[in-house]
Amino acid sequence: MQNRWRLIITVVVTVLALLVVVPWSEGVPLPAWAQKVVGGSFTLGLDLQGGTHMVLQADMTKAPNQDPNEVIKGVIQVLTRRINAYGVAEPLIQSQGSDRVIVELPGVKDIEEAKKLIGQTAQLDFREFDPTTQQWKIATAKGLDGEEKELTGKYFRPNAQVVFAPQTNQPQVAFEFDDESANLFEQITRRLIGKPLGIFLDNQMVSSPTVQAVISRNGVIQGVRLQEARTLAIQLNAGAVPVPIKVVEERTVDATLGSDSVRKSIIAGEIALLVVALFMIMYYRLPGLMATLALCVYTVLTLAIFKLIPVTLTLSGIAGFILSIGMAVDANILIFERMREELRWGKSIGAAIRAGFDRAWTSIRDSNSSTLITCVILYWFGQNFGASLITGFALTLAIGVIISLFSAIFVTRGLLTLVMSTWLIHHPAVFGMSVSEPAAPTVTRAPRSRLRAEGGV
């Protein structure tokens, strides 16, 4: 009864995994949640999909009294909001050291546009022209508490959007102030009627419209192209980066190189799976065949997990998956060798199978635990030192090791127990053993009282 449920669970889980892995749902009407689960494709990383890679450096001298880790966290939060609003799928944004941030944008080929989006601090302020000094100075007014305050973009509500002027159909960025800045903006526009009001982004003038009427809460930024208006709206909604940042490294990855890498990686995985299957079948015969079927189940389950989480697949991640295929067989080898040993000691087939799984478990547990500990260390190293290649490798390897335990202990055991009732399994050759191979001698131990009488220890 227990084995029957083991087989039922294996079949159900395998079928569900196949539904997730195979994009059979194309053209089939399904609910949105189901389409998301069983449709689509795997998430590919920068090296496979192509895109933009940048390393940003923060100027920590502008925040001398703040914790560098907290400053970098603030930078990452702002960049994450900007990139999510831009619509980049599965971006990678992580710290490197104490003052750098790595940004990878899969699918983004225009590196200049990417630099405009995330490389700017996005410190926006409003300035009035001083005829005495012939320079622009930040416009100030009295706040609700009576103190003089500068009018900057930090008072914006996060609802800026691109609109088009009714008369000229030119793109503009519409914004809205909060209660504090609405009062400031009203005072400033009242005294600047008929005069220009400069709008500066990172000390660069965006536009300088002439104030036509008193404005309190809403306004528009003119003189920007459509793409610039979209980028500016995203930056205003995401907020300004807490410290100035600059791009210190940039590169683009060609999608052609990525597709070629995917093709070669798939071929490598197929060859690895085939070689391992042939070895298991030739050396262990019927148990090897059962292990190969379990290995196929393992592969489908692992790919389904990669797609559901989802795991962003990179070349290093695929390498970790291919390595985990070999490690998935390691448990089966320990079990089968133990089974052979039990058969040589004269045990029955059923007893040898049970003993093989039970007594090999401690070795399987220890070896896989050490691998998982190594994966945790590698993942921590990759996350904290910006080594995304190591992170992907550690993640896919860890997932593969965990699922390999299920396939070896659960699936292989169920399949072997299923064929125990057939006449073939009772032949020694089925286990790759010689018909005339002698069993190990049985060791009997004399009673302790006799040992003492004869001077034994």
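Here the residue index of a chain counts from 1 through its sequence in written order. Under the rules for a predicted model, residues below a pLDDT of 70 receive no local features and side-chain atom pairs below 80 are neither given nor counted, while totals for whole chains, interfaces and linings still include all residues. Remark: hydrogens and water are excluded; side-chain values derive from all non-hydrogen atoms of the structure.

J.: Looking at this structure, how should I read the overall build of the protein?
T.: Secondary structure elements are taken from DSSP: a helix is a run of H or I of four residues or more, a strand is a run of E of two residues or more, and numbering for both begins at the N terminus. Helix and strand counts for the protein stand at 13 helices and 13 strands. When the 457 residues of the protein are sorted by exposure, 42% land in the buried category. In what follows, residue pairs with any heavy atoms lying within 4.5 Å of each other are defined as contacts. Looking at the protein alone, contacts between residues at least 24 apart form 71% of all its contacts between residues at least 6 apart. Any residue under 20% of the maximum accessible area for its type is buried, any over 50% is exposed, and the rest in between are partly exposed; the area is computed with a 1.4 Å probe on protein chains only.

J.: Please clarify how the sheet that holds strand β11 (residues 204–207) should be interpreted in this entry.
T.: Strand pairs in the sheet, formed through backbone hydrogen bonds, run parallel or antiparallel to each other. Strand pairing follows a simple DSSP-based rule, namely that at least 2 bridges must link the two strands. In spatial order, the strands read β5-β4-β10-β11; together these 4 strands make up an open sheet with antiparallel pairing. Two strands in the sheet have a free side with no partner beyond their single neighbour: β5 (135–138) and β11. Within this sheet the neighbouring strands show an average axis-to-axis angle of 50°, counted without direction. As defined by bridge partners, strand β4 (residues 124–130) adjoins β5 across 4 bridges and the pair is classed as antiparallel. Looking at β5, one finds that Glu128 is bridged to Lys137. For helices, the fitted line uses only the C-alpha atoms of the stretch in contact; every axis is such a line through C-alpha atoms, and the angle between N-to-C directions lies from 0 to 180 degrees.

J.: Help me out: how do you make sense of the confidence of the model for the protein in this one?
T.: Low pLDDT means the predicted coordinates in that region are not meant to be read closely. Every residue is assigned a pLDDT by the predictor, reflecting its confidence on a scale from 0 to 100. Chain-level pLDDT for the protein is 80 on average; 87% of the residues reach the 70-or-more range. Low pLDDT (under 50) marks residues 438–457, which in the prediction has 8 contacts with non-local residues, meaning those over four places away or in another chain.

J.: When you look at the nonpolar core in this model, what are you seeing that I'm missing?
T.: Definition of nonpolar core: a set of buried residues of the types Ala, Val, Leu, Ile, Met, Phe, Trp, Tyr and Cys, connected through side-chain atoms within 4.5 Å. Counting 46 residues, the largest nonpolar core has Met280, Leu295, Tyr298, Ile335, Phe336, Met339 and Leu416 as the members making the most contacts within it. Put simply, the parts of the chain that give this core at least two residues each are α1 (2–21), α8 (255–284), α9 (286–308), α10 (315–344), α11 (349–385) and α12 (388–418). In contact with Tyr298, other than residues within four places in its own chain, are Phe321, Ser324, Ile325, Ala328, Gly400, Ile403, Ser404 and Ser407. Residues Leu151, Leu192, Leu201 and Val224 belong to the second largest nonpolar core, which totals 27 residues.

J.: I'm lost on the pairing of strand β1 (residues 51–58) in this one. Help?
T.: Looking down a regular strand, the side chains alternate between one sheet face and the other. Where burial is concerned, most of β1 is hidden: 7 out of the 8 residues are buried. Where β1 meets strand β3 (residues 100–106), 7 bridges bridge the pair, whose relative direction is antiparallel. Residue pairing in the sheet places Leu56 in a bridge with Val101 of β3. Relative to strand β13 (residues 245–253), β1 runs antiparallel, the two sharing 8 bridges. For Val55, the partnering residue across the bridge sits in β13 and is Glu249.

J.: Could you clarify how one ought to interpret the sheet that holds strand β8 (residues 161–164) in this entry?
T.: Judged by pairing direction, the sheet is antiparallel, and its 3 strands sit side by side in the order β8-β9-β12 without closing on themselves. Either end of the sheet is taken by a strand with one partner, and the two such strands are β8 and β12 (218–221). Across the sheet, the mean angle from the axis of one strand to that of its neighbour is 40°, orientation sign disregarded. In this sheet, strand β9 (residues 171–176) lies alongside β8 in antiparallel orientation, the contact comprising 4 bridges. Residue pairing for β9: Gln161 is matched across the bridge by Ala174.

J.: Got a minute to help me understand the pattern of salt bridges in this structure?
T.: Pairs may arise between side chains of opposite charge once their charged atoms sit close together. We define a salt bridge as a side-chain nitrogen of Lys or Arg found within 4 Å of a carboxyl oxygen belonging to Asp or Glu. Going through the model one piece at a time under the given rule, you end up with 18 salt bridges. Of the charged contacts, one joins Arg157 and Asp179 as a salt bridge, the two residues approaching to 3.7 Å between their closest N and O atoms. Of this pair, Arg157 sits in the loop between β7 (148–150) and β8 while Asp179 is found in helix α6 (residues 179–191), placing the two residues 22 residues apart along the sequence. Judged by its relative accessible area of 31%, Arg157 falls in the partly exposed class. Residues Glu342 and Arg338 are paired through a salt bridge, measuring 3.0 Å at the closest nitrogen-oxygen approach. Here Glu342 and its partner Arg338 are both found in helix α10, 4 residues apart, which amounts to about one turn of the helix. A network of salt bridges, in which partner residues are shared, links Arg338, Glu341, Glu342, Lys347 and Arg359.

J.: When you look at the pairing of β9 in this model, what are you seeing that I'm missing?
T.: Among the 6 residues of β9, 5 are classified as buried, and the element is accordingly described as predominantly covered. Counted between consecutive antiparallel strands, the loop separating β8 from β9 contains 6 residues, among which Asn169 sits at a positive phi close to 60°. Bridge count between β9 and β12: 4 bridges; the pairing is antiparallel. Across the sheet, residue Val173 finds its bridge partner in β12, namely Ile221.

J.: Which parts of the structure should I look at to understand α12?
T.: Every α-helical turn comprises 3.6 residues, leaving residues that sit three or four positions apart pointing alike. In a regular helix each residue adds 1.5 Å, so 31 residues correspond to 45 Å; α12 covers 44 Å between its end C-alpha atoms and thus fits that length. Roughly 30° is the biggest bend found in α12, and it falls at Ser407. Expected span of a helix, by definition, is 1.5 Å for each gap between consecutive residues, and there is one gap fewer than residues. By definition, a residue's bend is the angle between the axes fitted to the seven residues ending there and the seven starting there.

J.: Explanation requested: the packing of α10 against α12 in the structure shown.
T.: Two quantities define a packed helix pair, namely the angle between the axes and the distance from one axis to the other. The geometry of α10 relative to α12 is characterised by a closest axis approach of 7 Å and an angle of 30° between their N-to-C directions. Classified by the angle between their axes, α10 and α12 sit roughly parallel to one another. Seen along the crossing, α10 lies across α12 with a hand that is right-handed. Amino acids are sorted into nonpolar (Ala, Val, Leu, Ile, Met, Phe, Trp, Tyr, Cys and Pro), charged (Asp, Glu, Lys and Arg) and polar (every other residue, Gly among them). Class assignment of the residues belonging to the contact of α10 with α12 gives a composition of 16 nonpolar, 10 polar and no charged. These descriptions rest on fixed angle ranges, namely under 35 degrees for roughly parallel, over 145 for roughly antiparallel, 65 to 115 for roughly perpendicular, and the rest for oblique. Rotating anticlockwise by less than a right angle from the far helix to the near helix defines a left-handed crossing, while the corresponding clockwise rotation defines a right-handed one.

J.: Which parts of the structure should I look at to understand α10?
T.: The terminal C-alpha atoms of α10, which comprises 30 residues, lie 45 Å apart, in line with the 44 Å expected from a rise of 1.5 Å per residue. At the exit of α10 stands Gly346, carrying a positive phi of roughly 90°.

J.: Looking at this structure, I do not really get the side chain of Thr371. What am I missing?
T.: Tracing the backbone through its elements, the reader meets Thr371 in helix α11. Any N or O atom pair separated by 3.5 Å or less is treated as a polar contact, with the protein-specific requirement of one donor-capable and one acceptor-capable atom, and with residues adjacent in sequence counted only for side-chain atom pairs. From its side chain, Thr371 meets the backbone oxygen of Ser367 in a polar contact 3.1 Å long. If we ignore the near neighbours within four places in the chain, the residues touching Thr371 are Met327, Leu397 and Val401.

J.: Please clarify how a nonpolar patch on the surface should be interpreted in this entry.
T.: Patch membership needs two things, relative accessible area over 30% and no salt bridge, and members are linked within 9 Å if like-charged or within 5 Å if nonpolar (Val, Leu, Ile, Met, Phe, Trp, Tyr). Every accessible area reported is derived by Shrake-Rupley at a probe size of 1.4 Å, with residue values counting cover from the shown protein chains alone. The grouping of Trp5, Ile8, Val11, Val12, Val15, Leu16 and Leu19 at the surface amounts to a nonpolar patch, some 620 Å² of accessible area in total. On the secondary structure map, Val11 appears in helix α1.

J.: Looking at this structure, how should I read the environment of Gln383?
T.: In this structure, Gln383 sits in helix α11. Accessibility expressed as a relative area gives 31% for Gln383, which makes it partly exposed. Residues Gln383 and Gln96, 287 residues apart in the sequence, show an inter-C-alpha distance of 8.4 Å.

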